[in-house]
Amino acid sequence: MPYYAAILHMVNEEKNQKVLPYHIEYLDRLDQQGKIFSRGPFLDGSGGMVVYIAGTLEEARHMAENDPHVVNGVRRLELKEWQVWKP
C-alpha cells in the first residue's frame, strides 16, 4: 500500500490551538482504521506532518483535505507520495 506525506505548514498559530483537539481526534480515528503510518509536529513550530496509508493519491488527498486544520485554514497542505526505505 502506498504512503503519502501530508506536510501541514502553519498559517495561523492562534487558531491552531483552538482547532488542535479536533485535528488530533480526526487523526486518532484514522489511526484506528490503519490509515496512518506516522504523525507529529515539527519542533520549530512551522507545522507538522502526517504520513497516510492509502490505495491512491485521491484517497490520501481526501483524508488530508478533511483534516480540521486544513478545513479551517489553520495550516496549508502539501501532499506528496512517499517511499519508505528499509535497510
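Scroll up for the structure.
Here we summarise the structure given alongside this text. Counting from 1, residues in each chain are numbered in the order their sequence is written. In keeping with the predicted nature of the model, local features appear solely for residues at pLDDT of at least 70, side-chain atom pairs appear and are counted solely at 80 or more, and the whole-chain, interface and lining totals rest on all residues. Heavy atoms throughout the structure, all of them, feed into the side-chain values; hydrogens and water do not.

What follows deals with the overall build of the chain. In DSSP terms, a helix is any run of H or I states spanning at least four residues, a strand is any run of E spanning at least two, and both are numbered starting from the N terminus. Across its full length, the chain carries three helices and four strands. Seen in sequence order, the chain has helices and strands lined up from the N terminus as β-α-β-β-α-α-β. As defined in this context, the radius of gyration uses C-alpha atoms, and a globule is described by 2.2 Å times the residue total to the power 0.38. Taking 12 Å as the expected radius of gyration for a compact globule of 87 residues, we find that the chain reaches 12 Å, a close match to that expectation. Projecting the C-alpha coordinates of the chain onto the three principal axes gives extents of approximately 40 × 25 × 20 Å. Buried residues in the chain amount to 33% of all 87 residues. In this description, contact between two residues means that some pair of their heavy atoms is separated by no more than 4.5 Å. Long-range pairs, those at least 24 residues apart, make up 69% of the contacts in the chain with a sequence separation of at least 6. Note on areas: Shrake-Rupley with a 1.4 Å probe; residue coverage comes only from the protein chains shown. Surface summary for the chain: the accessible area is close to 5,600 Å², and the carbon and sulfur share equals 53%. Under this rule, positive means Lys or Arg and negative means Asp or Glu; His and the chain ends count for nothing. The atom standing in for a charge is NZ when the residue is Lys, CZ when it is Arg, CG when it is Asp and CD when it is Glu. In the chain, the 10 positive side-chain charges and the 12 negative ones have mean positions that sit 0 Å from each other. The classification of residues rests on relative accessible area computed with a 1.4 Å probe and restricted to protein chains. Under 20% of the type maximum is buried, over 50% is exposed, and intermediate values are partly exposed.

The subject of this paragraph is the side chain of H23. Inspection of the secondary structure assignment puts H23 in helix α1 (residues 13-32). Among all residues touching H23, those that are not within four sequence positions of it are L8, D67, P68 and H69.

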